[in-house]
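Listed here are the chains, written in short residue letters.
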Amino acid sequence: MALNKTWMAKTCLLRCVKNVLCERAFGAAGLHTTGLHQNSNKTSIVRCTRSKYERQYPVLLVRTDGSTINIRYKEPRRILQMPVDITALSDEERKVRLRKRDPKKTVAKKDKDEFKDDFKVDDYSQFWKKK
């Protein structure tokens, strides 16, 4: 285990020295100004850092004062509206908002009148009887 650690440290040190020597030898006059990239273990800097890498969608957020900002949200929506603080509203506005929250009373529909017919099967049974 200790041998493996020393070997890793040695290769890392050699790689760093090689990169420094290449930069000094070629400098800005050379074709490449970056160091050598010998492996694919590179880090990339992304715009938003998050613990879960999932798709996020651009959404317009409307604040309670009416201002809008663009955010990234987990669900594809066009507009998100922040809830209004009812305690900060006046009494009239509070009553109106609470009245809108209550379920609407629906008017009970009257059942349609039953259709009455005077159809008698015996009158027409002669048509489907075999002779």
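This text goes with the structure placed above it.
Our subject in this report is the structure included herewith. Computed from a prediction, not measured in an experiment: that's the story for all the values here.

Remarks on the pattern of salt bridges
- In this structure the tally under the stated criterion is two salt bridges.
- In this structure, aspartate 91 and arginine 94 form a salt bridge, with 3.0 Å as the shortest nitrogen-oxygen distance. Taken together, the residues span about one helical turn, with aspartate 91 and arginine 94 both in helix 2 (residues 91-101) at a distance of three residues.
- By relative accessible area, which is 52% here, aspartate 91 ends up exposed.
- Note on arginine 94: relative accessible area 26%, which makes it partly exposed.

Observations concerning the sheet that holds strand 3 (residues 79-81)
- On the basis of which strands lie adjacent, the open sheet formed by three strands has the order 2-1-3 and mixed pairing. Each edge of the sheet is formed by a strand with only one pairing partner; in this case those strands are strand 2 (68-73) and strand 3. For this sheet, the mean inter-axis angle between neighbouring strands, taken without regard to orientation, is 35°.
- As paired elements, strand 1 (residues 57-62) and strand 2 share six bridges and run antiparallel to each other. Pairing of leucine 60 across the sheet is with asparagine 70, part of strand 2.

What counts as what
- Residues numbered from 1 in each chain as written.
- Predicted model: local features only at pLDDT ≥ 70, side-chain atom pairs only at ≥ 80, totals over all residues.
- Heavy atoms only, no water.
- Salt bridge = Lys/Arg side-chain N within 4 Å of Asp/Glu carboxyl O.
- Helix = DSSP H or I, 4+ residues; strand = E, 2+ residues; numbered from the N terminus.
- Buried < 20%, exposed > 50% of the residue type's maximum accessible area, 1.4 Å probe, protein only.
- Pairing = 2+ DSSP bridges.
- Axes fitted to C-alpha atoms, helices over the stretch in contact; angles between N-to-C directions.

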